[in-house]
Amino acid sequence: MLSGIVSSSLIVAAVGGVISLDRTAAFQTMVSRPLVTAPVIGYFLGNAEAALIVGAVLELLLIGDLPVGRYIPVHETGLSVLVTAAALNATPASFPVEGVLPTVLLVMIPVSVFYQKADTIVRRINIRFFDNARTMLDNGEEACLMGENLKGAALFCLTGFVTIFVTALPVMASARYLRPMVEQSAVYPAFAACLVLGVAAGVNAVYAERTLLIFTAAGIVAAAVWMVGGL
Amino acid sequence: MISRGALLKVFLGSFFIQSSWSFEKMQGLGFASAIAPALKEIFKDKKARIEAYKRHLDFYNAHPYMASPVLGASINLEEKAGEAGPGASAAPKFKSMIMGPYGAIGDSFFWGSVRPMASVIGVLITLLWGWKGPLAFLLLYNCFHLWMRFYGLKAGVRDGKDVVGYIMSLDLPEWGVRFKYLTAAVLGVVSVVVLWSLFGAAGAPVKKWVWLGAGFPAVMASVIALSLLFKRGLSISKLVYIVTLPLILYGLLLG
C-alpha cells in the first residue's frame, strides 16, 4: 500500500511540477489554473470526473488572487494538486467528493503557504542567472542568454516537483482518515457554502459600478428560466 | 528587415519571458533572451551584438503578454540603430518609458477581466456539462492571450514607437469593463445553477418553487454580503475558515 502511495505521490508531483511551470516560468496558457490542473491530476489518480468539481470550486475561490508586481499569489497549482489528491484518496468510489472537499480545503490552505515560500526563494535565487549572463557577456560569451534564462525555468519546475512531493506523500497517506466524513451528508452545507463563497470571490474580482446590479438581474432571469423548466 | 525565422524565434522566446523572474531584475533576463535571435541577425559584428545584448539585459517588468509589442518595437528600434551606427539605439529608453503603462493595462485587462471571464464561463460549463468546461476555459482565454502575443509582436516590428497608438486603438480598458459585466452576469447564472445542483443533491424533498423561493434570495444576499466583506479587506483564506468551519462542525455534530 505504501509503495502505491509513494508512486502516486511521485506521479502527481511530476505532473504538478511540469504544470506549475505555466504559472510563471513558461507559456502562461492557464493550464496551471485549478479548473484544468485538478481534472488532470484526477485523471492520473483514476477519477477525473470527481476532480472536475474540485477544480471548479478552487477556480472560483482563487479567481481574484492576481500576480501583480512583486506580489506572489497563492500557489494555485500546488493547492489544486494537493486538494485533489487528498479529496480523491479520502472518497470511496461510490461517494461524491463534495462531502470531504471543505474539510480538505481547510487543512490544505495552510500548507499552500509553504509553496508560496518556496516560490519566493526561487525568485531570489534567479538573480544569480541574471548575474551569470552579465558576467558571461562581459567575457565575450554571447550564446549564454537562453541557457541562463531556462535555468530559471528548470529551478521553478524542480522546486514545484519537490514541494508537491513532500506535501502530497503525507497527505495521501493520511487522507483515508477523513473517510467517515464523506458518509456524513450533514457536511454538505459546507460544500454549498464553498460554492457561494466562490461566487462572491468572483463578484469581488470583477467589481465595478454596475456589477452587483447585473449579477442580481442575471440571477433573476436564470431563476425564472429554471422555474419555467428550462434548466 | 529581420527574417521570418528570427521573428518566429522571438515569438517562441516570448513564452519564456518570465523563466528567470527575480525580485531585482524581474523579466530582465527573459526579455534579453527573447530578443536575442533578432539582435543576432541585425548586428553582424560580434562586439556590436554583445553591446546590444547588454542593452537589453537590464531591469524589465510588464505584463508578460504585453511584452510582445515592446519586443516588436525594440526590434524595430534596434534595426534603425543598426543602420545609424553605435550608440544610436532608442530601445532602452522606450522600454523603460512604456513598461509601466503596459504592465498596468495588461494586468487590468488580462488578469482582471479576461481571466475571470474565461474562468467563470469554464466553471459554468463544468457544472452543467463536465469536462467541456476546462476546454472552453482554455480555448476562450488563449484566443485573447495568443492574439496579443502574435499581433502585438507583429505590430511592434511594423510600427516601432508608434505601437503605442496600436495598443491605444484596441481600447483594452473599455473592453475590460464590458468583460467584467459579462462575468457578473454569468456569475448570476452560476448562483442559480448551484441552487439547482443542490436541489438535485437534496433528493428534492420540497417543491422546486419553494426551494427557489427560499434559496435564491438567501444565495444572492450571501454572495453580496460576502463580496462586501472582501471589499473590507478579508482574504479568501480567512473567509473560507469563517464560512465553512462552523458548518463542518455543525454537520459533524448533527451527523
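Residues numbered from 1 in each chain as written. Chains lettered and ligands numbered in written order. Predicted model: local features only at pLDDT ≥ 70, side-chain atom pairs only at ≥ 80, totals over all residues. Heavy atoms only, no water.

1. A closer look at the overall build of chain A
Move 1: Scanning chain A from N- to C-terminus turns up 10 helices and 0 strands.
Move 2: With the principal axes as the frame, chain A shows a C-alpha extent of 75 × 55 × 25 Å.
Move 3: Buried positions account for 58% of the 231 residues belonging to chain A.
Move 4: Across chain A, every contact between residues at least 6 apart in sequence was considered, and the portion connecting residues at least 24 apart equals 75%.
Move 5: Surface accessibility of chain A: about 8,800 Å² in total, with carbon and sulfur atoms responsible for 67%.
Move 6: Both charge centroids of chain A, one from 12 positive and one from 14 negative side chains, sit 6 Å from each other. (Helix = DSSP H or I, 4+ residues; strand = E, 2+ residues; numbered from the N terminus. Buried < 20%, exposed > 50% of the residue type's maximum accessible area, 1.4 Å probe, protein only. Contact = heavy atoms within 4.5 Å. Areas by Shrake-Rupley, 256 points an atom, 1.4 Å probe, with all protein chains shown as cover. Lys, Arg positive; Asp, Glu negative; His and termini not counted. Charge placed at Lys NZ, Arg CZ, Asp CG, Glu CD.)

2. What to know about the nonpolar core
Generally speaking, nonpolar side chains in soluble globular proteins are found buried as a group.
Move 1: Counting 153 residues, the largest nonpolar core has Val83(A), Leu145(A) and Phe110(B) as the members making the most contacts within it.
Move 2: When residues of this core are assigned to their parent elements, the largest contribution, 14 residues, is made by helix α5 (residues 91–129) of chain B.
Move 3: The residues that make up this core include at least three from each of domain 1 (4–99) and domain 2 (206–255) of chain B.
Move 4: When residues no more than four places from it in sequence are discounted, the contact partners of Val83(A) are Val54(A), Leu58(A), Leu101(A), Val104(A), Leu105(A) and Met108(A). (Core = buried A, V, L, I, M, F, W, Y, C linked by side-chain atoms within 4.5 Å. Domains from an automatic or database assignment.)

3. Considering the pattern of salt bridges
Residues and elements named next belong to chain A.
Move 1: All told, the structure shown has 10 salt bridges over all chains when counted by the stated rule.
Move 2: Between Lys151 and Glu148 there is a salt bridge; the shortest N-O distance is 2.8 Å. Here Lys151 and its partner Glu148 are both found in helix α7 (residues 145–174), 3 residues apart, which amounts to about one turn of the helix.
Move 3: Taking the relative accessible area as the measure of exposure, Lys151 reaches 39% and is therefore partly exposed. (Salt bridge = Lys/Arg side-chain N within 4 Å of Asp/Glu carboxyl O.)

4. Notes on the interface of chain A and chain B
A common way to state how big an interface is: give the accessible area lost once the parts meet.
Move 1: Contacts between the two partners involve 90 residues from chain A, matched on the other side by 91 residues from chain B.
Move 2: Buried area between chain A and chain B, both sides added, is near 8,500 Å², and the carbon and sulfur share of it is 76%.
Move 3: Area buried by chain A at its contact with chain B is led by Leu106(A), Phe130(A) and Trp226(A), which between them contribute 9% of it.
Move 4: Counting the contacts that link chain A with chain B gives 2 salt bridges.
Move 5: Lys54(B) serves as the salt-bridge partner of Asp138(A), at 2.9 Å between the closest nitrogen and oxygen.
Move 6: At the junction of chain A with chain B, the criterion picks out 19 residue pairs in polar contact (both at pLDDT 80 or more).
Move 7: Taken together, the elements giving at least two residues each to the side of chain A that touches chain B come down to α2 (34–44), α3 (48–61), α5 (101–125), α6 (127–138), α7, α9 (188–205) and α10 (211–228) of chain A. (Buried area = accessible area lost by both parts, 1.4 Å probe. Polar contact = N/O pair within 3.5 Å; in protein donor to acceptor, adjacent residues only side chain to side chain.)

5. Overview of helix α9 (residues 208–231) of chain B
Residues and elements named next belong to chain B.
Move 1: Between the first and last C-alpha of α9 there are 33 Å, a value that for 24 residues agrees with the 34 Å anticipated at 1.5 Å per step.
Move 2: Residue Gly215 marks the point of greatest curvature in α9, where the axis turns by about 30 degrees; the proline Pro217 follows within four residues.
Move 3: Here α9 has its buried residues at Leu212, Gly215, Phe216, Val219, Met220, Val223, Leu226, Ser227 and Phe230. (Expected span 1.5 Å × (residues − 1). Bend = angle between axes of the 7 residues up to and from the residue.)

6. What to know about the layout of surface pockets
Move 1: In this structure, the largest pocket encloses a volume near 480 Å³.
Move 2: What lines the largest pocket is a set of 20 residues, and nearest its centre among them are Met146(A), Lys9(B), Ser33(B), Ala36(B) and Pro37(B).
Move 3: Breaking the lining of the largest pocket down by element, the ones donating at least two residues are α7 of chain A together with α1 (4–14) and α2 (28–42) of chain B.
Move 4: Of the residues belonging to the lining of the largest pocket, the class tally is 12 nonpolar, 4 polar and 4 charged. (1 Å grid on protein atoms, 1.4 Å probe; cavity = no way out; pocket = protein on both sides within 12 Å on 5 of 7 lines; lining within 4 Å. Points joined across faces, edges and corners; volume = space filled by probe spheres on them. Nonpolar A, V, L, I, M, F, W, Y, C, P; charged D, E, K, R; others polar.)

7. A few points about unusual backbone geometry
Move 1: Its identity as a non-glycine residue notwithstanding, Phe27(A) has a phi of 70 degrees, on the positive side.
Move 2: The phi torsion at Asp171(B) lies on the positive side, around 60 degrees, for a residue other than glycine.
Move 3: When you line up the elements, Asp171(B) lands in the loop between α7 (163–169) and α8 (172–201).

8. Description of the domain arrangement of chain B
Move 1: Per the domain assignment, the segments making up chain B are domain 1 (4–99) and domain 2 (206–255).
Move 2: Distance between the C-alpha centres of domain 1 of chain B and domain 2 of chain B: 50 Å.

9. Considerations on the packing of aromatic side chains
All names here are of chain B.
Move 1: In the structure shown here, the tally under the stated rule is 19 aromatic pairs over all chains.
Move 2: The interplanar angle of 45 degrees and the centroid separation of 4.6 Å between the aromatic rings of Phe31 and Tyr60 together place this pair among those described as tilted. One end of the pair, Phe31, is in helix α2; the other, Tyr60, is in the loop between α3 (46–56) and α4 (67–84), and 29 residues separate them in sequence. Of the two residues examined, Phe31 and Tyr60, each falls in the buried class. (Phe/Tyr/Trp six-rings, centres within 6.5 Å; stacked < 30°, edge-to-face > 60°.)

10. Quick look at α4(B)
Residue and element names in this part refer to chain B.
Move 1: Taking 1.5 Å per residue as the helical rise, α4 with its 18 residues ought to reach 26 Å, and the 25 Å between its terminal C-alpha atoms agrees with that figure.
Move 2: Of all 18 residues in α4, 14 are buried; the element is thus mostly enclosed.
Move 3: Backbone geometry just downstream of α4 places Gly85 in the positive-phi region, at approximately 110 degrees.

11. Let's talk about empty space enclosed by the protein
Residues and elements named next belong to chain A.
Move 1: Taken as a whole and assessed by the stated rule, the structure comprises 1 cavity of 30 Å³ or more.
Move 2: Taken as a whole, the largest cavity encloses approximately 120 Å³ of empty space.
Move 3: Ser20, His75, Asp119, Phe156 and Gly160 are, among the 14 residues lining the largest cavity, the residues nearest its centre.
Move 4: Where the lining of the largest cavity is concerned, the elements lending two or more residues are α5 and α7.

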